[in-house]
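Here is what each chain is made of, one letter per residue.
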Amino acid sequence: MTTAAPSPTADRPAGGAGKPGARDEAQRTPPGPGLIIARGVTRRFGAKVALAPFDVVVRPGAVTGLLGPNGSGKSTLMRCLVGLVRADAGEVSIDGVPLVGDGTAVRRQVTYAPGELHLYSELTGREHLAFLLRARDRAALGRAEAIARDFGLPLEQRVRAYSHGMKRQLVFAAALAPDVKVRILDEISEGLDPSKRSELLDRIDAEARAGRTILLSSHHLGEVDRVCARLLFVNAGRLVADESAAAIALRSARRMAVDWSSEEVARRAAARLADAGAATGGDPVLGAEHCVAEVYVHGARTSFTLASDDPRPFLARLESARDLPPPRAIEHGRMSLNDLYRDLYGVEGT
Amino acid sequence: MLRTLRGYTIYGVGLTIVLALMIGGAIYWWPSFAENVTKLKVFAAPMPMLGDMLNQIEQGGVSAYVVGQHYFKGGNTVGVGGAILFAAGAIAGEAHRGTMELWLGRPVSRARLLSERFFGGLLVTCLPVFVSSALIPWMLGWVDESMSFADLMRCSAHCSALLGAIFAVTFFWSAAASDPMRIIFVMLMFCVFQFAMYMVKTATDYSLFRVADIEVYMELVLRDRFDWRYVGPLLAVIALSYLGALRVFARRVP
């Protein structure tokens, strides 16, 4: 059970209609080569809001990760971008082409790998690639076959004999083959073993380095964070965070987690730490100068962000806090992105 | 495309073979049937509609027997069943298998994808009727009988209009739904009900199959011309179902 302690220093987004910065950028940016632009994209399924007005600009030359828990709206956004789901409102353009009608013109500029993996089991791997690459450039099938062979896929076999991971690789090969500037990949690494995932991410990284625009989604941060230069975190159909991987890494480096003997102690410590983070004065023992921020409690663990990378002054103060029992464990600078997002945005990444 | 072509070819060839075997067997037994038609009329006496059909065959001879066997029986049973089975899975089958996103995710317009399936399906629903009909003159040679090829083609076109209409209505539903089994069940039940109505003397004029029975086919043969009173509305149903399917499919969520 994860609970967050109320904290005067918490900076979780209020959960309004997306991030104003993203909206401004989307409004300002004209459609252009390699750009994915979504302006105010909204979609409801009955009473459920799948996408609140969603604004984003994704630029070429880097991998952008679209991250969030299951049902957060990632796949709906991707489907709206390529015209598979019609947005109730908003505008989309990809590679300078506006999304109109059923999105055929946009889909010519982009490859899309769906997250849900259901293939035609009666087709062979090669036939399936030909099916997926219909209306693509003539050389695409050859390239896809080469990629599939690199993965070791038996293209002469019927797809019904493929494992889940092999099917995923087949779809990936088809998504990577067409000569287009933009690739949108939904849950592309899901179900792959670590070595295949690594191979796949290397290819995605190389694509981005070659100047292509890559938008990939995952509900598992640890699977894709190593290739993403930028991370968009989505929850309940809204963009709750848009940060560079470097900024996230810096925050991660300053993050500290302390395990206590019980949740009660963790809460007591959180209250002290929150007080320590107050603007003036603060807790006389833990000290305001460390500017402890983003304090949360998860079970018997208290997590927070320090003002600097050096934890030693804070640890010395913590040792002198006599009303708190000795911590069971202290972790610093090693938090996963998953934990970080859970702490900062109050949602589970996996 | 390859997958679709393969499926269409198997279906089309299969339907042609079944229809040809049915009419081949019927023609083979024609002499025996002609000899025993009086006894059969006694046997069919409790069912007035069956008696009427036997009367029509007795009066019309081998032509009435052929149109009854091939178009009324073969077309309205195997043909209709095949059209429903084929159309029900055309779009809803993709949703049911979970492959719709893959199918639609390519840079091909929805209108084109739907039209390929619609007109391809329409073709393989109707073509077997023509192909199997084209074999009838040769089959009639087995029993020293003959029938005009033009009459057979006219009857085939009429039969195809009905099969096309049933295919189109089922296809329209398929474009909007995700469960092909439900579509098949409801459409087959509807057709069985319509057939049951046809066999009831007082209800027969309200049955769908009244537009494609022995009497109607024999008029096509005897008058030597097409009857647009029946075919016109059936073609309108096909056109409206196609346009409706296009409209529904355009906004469909995979």
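A brief structural summary.

Criteria and thresholds
- Residues numbered from 1 in each chain as written.
- Chains lettered and ligands numbered in written order.
- Predicted model: local features only at pLDDT ≥ 70, side-chain atom pairs only at ≥ 80, totals over all residues.
- Heavy atoms only, no water.
- Buried < 20%, exposed > 50% of the residue type's maximum accessible area, 1.4 Å probe, protein only.
- Helix = DSSP H or I, 4+ residues; strand = E, 2+ residues; numbered from the N terminus.
- Arc of directions from axis to C-beta.
- Contact = heavy atoms within 4.5 Å.
- Buried area = accessible area lost by both parts, 1.4 Å probe.
- Salt bridge = Lys/Arg side-chain N within 4 Å of Asp/Glu carboxyl O.
- Polar contact = N/O pair within 3.5 Å; in protein donor to acceptor, adjacent residues only side chain to side chain.
- Pairing = 2+ DSSP bridges.
- Axes fitted to C-alpha atoms, helices over the stretch in contact; angles between N-to-C directions.
- Phe/Tyr/Trp six-rings, centres within 6.5 Å; stacked < 30°, edge-to-face > 60°.
- Lys NZ or Arg CZ within 6 Å of the ring centre and 35° of its normal.
- Parallel < 35°, antiparallel > 145°, perpendicular 65-115°, else oblique.
- Left-handed = near helix turned anticlockwise from the far one by under 90°.
- Nonpolar A, V, L, I, M, F, W, Y, C, P; charged D, E, K, R; others polar.
- Core = buried A, V, L, I, M, F, W, Y, C linked by side-chain atoms within 4.5 Å.
- Right-handed = clockwise from strand over helix to strand, strands pointing away.

1. Some remarks on helix α9 (residues 245-253) of chain A
Note that an α-helix has 3.6 residues per turn; residues three or four places apart therefore point the same way. Where α9(A) is concerned, the buried positions are A:I248, A:R251 and A:S252. Projected onto a plane normal to the axis of α9(A), the buried residues spread over an arc of 100° and lie on a single side.

2. Observations regarding the interface of chain A and chain B
Counting residues at the interface gives 27 residues for chain A, matched by 27 residues for chain B. Approximately 2500 Å² of surface area, both sides summed, lies buried where chain A meets chain B, with 55% of it carried by carbon and sulfur atoms. Three residues, A:L84, A:Y120 and A:R134, lead the burial of chain A against chain B; their summed loss comes to 29% of the area buried on that side. Linking chain A with chain B are 3 salt bridges. Across the pair A:E127 and B:R6 runs a salt bridge whose closest N-O atoms are separated by 2.8 Å. Between chain A and chain B we count 12 residue pairs in polar contact (both at pLDDT 80 or more) in total. The set of elements that each furnish at least two residues to the side of chain A that touches chain B consists of β1 (36-45), α3 (104-108) and α4 (125-132) of chain A.

3. A short note on the sheet that holds strand β13 (residues 301-305) of chain A
Residue and element names in this part refer to chain A. Ordered in space as β12-β13-β11-β14, the 4 strands form an open sheet in which the pairing is antiparallel. The open sheet has two edge strands with one neighbour each: β12 (293-298) and β14 (329-332). Averaged over neighbouring strand pairs, the angle between their axes works out to 15° when direction is ignored.

4. Let's talk about the packing of aromatic side chains
By the definition in use, this model includes 23 aromatic pairs over all chains. Between B:Y28 and B:W29, the aromatic rings sit 5.4 Å apart at their centres with planes inclined by 90°, giving edge-to-face as the arrangement. Here B:W29 falls in the exposed class, since its relative accessible area comes to 54%. Arranged with centres 4.7 Å apart and planes meeting at 40°, the rings of B:W30 and B:Y65 form a pair that is tilted. With B:W30 in helix α2 (residues 30-43) and B:Y65 in helix α4 (residues 62-90), this residue pair connects regions lying 35 residues apart in the sequence. Comparing B:W30 with B:Y65, the two get one shared label, buried. What links up through ring pairs into an aromatic cluster is the set B:F118, B:F119, B:F167, B:F171 and B:Y242. In this structure, A:R203 packs its charged tip against the face of A:F151, placed 5.5 Å from the ring centre. If you follow B:R106 out to its NZ or CZ, it ends over the ring of A:F131, 4.0 Å from the centre.

5. Considerations on the packing of α4(B) against helix α11 (residues 214-223) of chain B
Residue and element names in this part refer to chain B. Running from amino to carboxyl end, α4 crosses α11 at an angle of 125°, the nearest separation of the two axes being 9 Å. Of the possible angle classes, the one that applies to α4 and α11 is oblique. α11 is crossed by α4, and the crossing has right-handed handedness. Packed against α4, whose contacting residues are S63, A64, V67, G68, Y71 and F72, the element α11 presents I214, Y217, M218 and V221 at the interface. Grouping the constituent residues of the contact of α4 with α11 by class yields 8 nonpolar, 2 polar and no charged.

6. Quick look at the environment of A:A113
Secondary-structure assignment places A:A113 in strand β6 (residues 110-113). Leaving out residues up to four positions away in the same chain, A:A113 has contacts with A:V171, A:A175, A:I184, A:L185, A:D186 and A:I188.

7. Describing the nonpolar core
Of all hydrophobic cores here, the largest spans 154 residues; its most connected members are A:I184 and A:I204. Per element, the largest residue contribution to this core is 14 residues, and it comes from α4(B). Ignoring anything within four residues of it in the chain, the contact list for A:I204 reads A:V63, A:F172, A:L185, A:I188, A:I214 and A:L216. Counting 17 residues, the second-largest nonpolar core is a separate cluster that includes A:V258, A:L273, A:V292 and A:V297.

8. Comments concerning the pairing of strand β7 (residues 182-186) of chain A
Residue and element names in this part refer to chain A. Counting buried residues along β7, 5 of its 5 residues qualify, which places the element largely inside the surrounding structure. Relative to β7, β6 runs parallel, the two being bridged by 4 bridges. Within β7, the residue paired with V110 across the bridge is V182. Taken together, the 5 bridges between β7 and strand β8 (residues 213-218) define a ladder with parallel strand orientation. By the bridge assignment, D186 is partnered in β8 with S217. The β-α-β motif built from β7, the intervening helix α7 (residues 194-209) and the parallel element β8 has right-handed crossover chirality.

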